[in-house]
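Residues per chain are reported as follows:
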Amino acid sequence: MLNCKQNTELLSQAQDRPTTLKERLQMRMHLIACKGCRNFEKQLAFIRKAARDLPRNW
Amino acid sequence: MAMLISDASLSTHTVMTTANDTQDLQGQRNYLLRYAMLQLRDPHLAEDAVQETLVAALEGRAKFAEMSSMRTWLVGILKHKILDILRKQAREPQLNVAEGESEDDLIDSLFAKDGHWSTMPQTWANPEQSLENLHFWETFEMCNQRMPINTARAFMMREFMDMTTEEICQELSISTTNCWVLLHRARLSLRECIDMKWFGKGKS
């Protein structure tokens, strides 16, 4: 099972490259058990959205 | 013959729209400057990039007649100018290259030895509402400024200039793995900063 550090690495890479089925299963397994990483996952998506919206607020 | 006719109609069009275009281009200056500053972090270089963009825009405005959005078109030119400047910088190594980006201090500080969170990320309250708040964007930009320059650059290339990881690796002359690490570090760092400075849930 992935630890939080490894899982956050994968969650981040999932924004930059296609993940394998195995990786997706590993992440899901971890996320079921870990509230901190579930929050992290949502926050990553939010940060991406914010970065892309930034220029619209100039 | 057909070529000649289209050339002639093109130049008439150009002459007629010159005054308006120049005004419109000036109106886009501030936007372009902010964009360039985020990437270059140097007012002089940002100014250069924007100047060159506006000159290129004026020279090529016949082409613009076919484009739907002036801003999209200008940003497209600006991206190239920014990358030109970054490439030139890479060829003439300067003092501000590394500033503590080699170590994994940030990552180590966030996780315990066993790889668990030192402090678990807490839920953010109403993040969508923050996007409507001008102060949030000040915080967001400030958090970007706090990142080491190469980390911020990689992140902005990815999310802001919409480049692929492959393109970023090439521009920064780093391996794909390094690129992922930089991007990951950028996201961790931004998350920490926004958590602390905006959502106020982090430990003080």
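Just above sits the structure.
This section reports on the structure supplied with the text. (Residues numbered from 1 in each chain as written. Chains lettered and ligands numbered in written order. Predicted model: local features only at pLDDT ≥ 70, side-chain atom pairs only at ≥ 80, totals over all residues.)

Quick look at the overall build of chain B
From N to C terminus, chain B includes eleven helices and zero strands. Going residue by residue from the N terminus, the α and β elements of chain B occur as α-α-α-α-α-α-α-α-α-α-α. Counting all 204 residues of chain B, 25% fall into the buried class. When contacts within chain B are restricted to residue pairs at least 6 apart in sequence, long-range pairs at least 24 apart make up 66% of them. (Helix = DSSP H or I, 4+ residues; strand = E, 2+ residues; numbered from the N terminus. Buried ≥ 20, exposed ≤ 12 C-beta atoms within 10 Å, placed from the backbone. Contact = placed C-beta atoms within 7 Å.)

Re the packing of helix H9 (residues 149-159) of chain B against helix H10 (residues 165-172) of chain B
Residue and element names in this part refer to chain B. Contact pair H9 / H10: the axes reach a minimum separation of 9 Å and the direction vectors enclose 145 degrees. Crossing handedness for the pair H9 and H10: right-handed. Contact residues: H9 offers Asn150, Ala154, Met157 and Arg158, while H10 offers Ile168, Glu171 and Leu172. Residues belonging to the contact of H9 with H10 are distributed by class as follows: four nonpolar, one polar and two charged. (Axes fitted to C-alpha atoms, helices over the stretch in contact; angles between N-to-C directions. Left-handed = near helix turned anticlockwise from the far one by under 90°. Nonpolar A, V, L, I, M, F, W, Y, C, P; charged D, E, K, R; others polar.)

Concerning the interface of chain A and chain B
The interface of chain A with chain B comprises 26 residues on the first partner and 26 residues on the second. Breaking the side of chain A that touches chain B down by element, the ones donating at least two residues are helix H1 (4-13) and helix H3 (35-53) of chain A. The dominant element in the side of chain A that touches chain B, judged by the number of residues it contributes, is H3(A), at 13 residues. Among the residues making up the side of chain A that touches chain B, the classes are represented as ten nonpolar, eight polar and eight charged.

Note that every value here comes from positions in space, so none of it alone points to a role or purpose.
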